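One letter stands for each residue in the lines below.
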Amino acid sequence: INYFLNFDKSLLSMSNHILSKNLISKNLISKNLINNNLKDKFGRFHNYLRIALLEKCNLRCLYCMPEKGIKLTPQEDILSDNEISRLVNIFSSAGVNKIRLTGGEPTIKKNIVDICKDIKSNENIKTLAMTSNGIVTHRFLPDLKDAGLDAINISLDTLIPGKYEIMTRRKGHSN
């Protein structure tokens, strides 16, 4: 656990520096800054980047979301599509070749297919994956596959419909 905490502190320090909405720029970020921070204390290089696209979700899981929801971050403080693309380009130039899209729930982002296409158009990205609760994924799956999505992880807490509704405060187990 200490290893992850140290690694996370290093990335947190870096993210405060480069992930600020107004500081994302290839001119402000040197490849060495990213490369040094993508190595853990054992010298292992991490080629994987997880991008949370939004904090909204179509479930209200007991362990994740208060029943009445949360105060959402103002839209101007959420990464724009252009900023997501620039981040992918910056990190891919430093050796990241695997991206996982998460949320909230990434499939409720209006232009999720376009985002996937854009990310996968980067020749350095070998694997594009997504974690989803699966509620509306079936609506987009063919388009997501065509856009370059390589893998999807459906997060399902239980196979028992009654327990699912209690845990998520929603119907949807049969979807």
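All figures in this text were calculated on a predicted structure; none of them were measured in a lab.

Describe the pairing of strand 3 (residues 127-132), with residues and values.
In the sheet, strand 2 (residues 98-102) pairs with strand 3 via four bridges, with the strands oriented parallel. When the bridges of strand 3 are listed, Leu101 appears paired with Met130. What joins strand 2 to strand 3 is helix 4 (residues 112-120), and the crossover it makes is right-handed. Handedness of the crossover joining strand 3 and strand 4 (residues 151-154) through helix 5 (residues 137-147) is recorded here as right-handed.

Mind laying out the sheet that holds strand 4, listing which residues take part and the relevant values?
Pairing is parallel in the open sheet, where four strands are placed in the order 1-2-3-4. On the outer flanks of this sheet lie strand 1 (48-52) and strand 4, each paired with one strand and no other. Averaged over neighbouring strand pairs, the angle between their axes works out to 20 degrees when direction is ignored. Relative to strand 3, helix 4 is tilted by about 155 degrees, and along the sheet it contacts strand 2 and strand 3.

If you had to explain the packing of helix 4 against helix 5 to someone new, which residues and values would you point to?
Packed helix pairs are characterised by how far apart their axes lie and by the angle those axes make with each other. It is the contact of helix 4 with helix 5, at a shortest axis distance of 8 Å, that shows an interaxial angle of 20 degrees. Taken together, the axes of helix 4 and helix 5 lie roughly parallel to each other. Judged by the twist between their axes, the crossing of helix 4 over helix 5 is right-handed. Mapping the contact onto sequence places Ile112, Val113, Cys116, Lys117 and Lys120 in helix 4 and Asp143, Leu144 and Ala147 in helix 5.

Residue-level account of the environment of Asn82, with values.
With respect to the helices and strands, the residue Asn82 is situated in helix 3 (residues 81-93). Counting along the chain gives 36 residues from Asn82 to Asp118, while the straight-line C-alpha distance between them is 9.7 Å.

Please give an account of the nonpolar core that cites residues and values.
Looking at soluble globular proteins, one finds that nonpolar side chains tend to be buried together. By size, the foremost hydrophobic cluster in this structure holds 24 residues, and its most contacted members are Ile51, Leu53, Ile99, Leu101, Ile112, Cys116 and Ile119. Of all the elements in the fold, those that place two or more residues in this core are strand 1, helix 3, strand 2, helix 4, strand 3 and helix 5. Setting aside residues no more than four positions away along its own chain, Ile112 makes contact with Leu53, Leu101, Pro106, Thr107, Met130 and Leu144. Leu59, Cys61, Ile135 and Val136 belong to the second largest nonpolar core, which has five residues in total.

Conventions and cut-offs
- Residues numbered from 1 in each chain as written.
- Predicted model: local features only at pLDDT ≥ 70, side-chain atom pairs only at ≥ 80, totals over all residues.
- Heavy atoms only, no water.
- Pairing = 2+ DSSP bridges.
- Helix = DSSP H or I, 4+ residues; strand = E, 2+ residues; numbered from the N terminus.
- Right-handed = clockwise from strand over helix to strand, strands pointing away.
- Axes fitted to C-alpha atoms, helices over the stretch in contact; angles between N-to-C directions.
- Contact = heavy atoms within 4.5 Å.
- Parallel < 35°, antiparallel > 145°, perpendicular 65-115°, else oblique.
- Left-handed = near helix turned anticlockwise from the far one by under 90°.
- Core = buried A, V, L, I, M, F, W, Y, C linked by side-chain atoms within 4.5 Å.
- Buried < 20%, exposed > 50% of the residue type's maximum accessible area, 1.4 Å probe, protein only.

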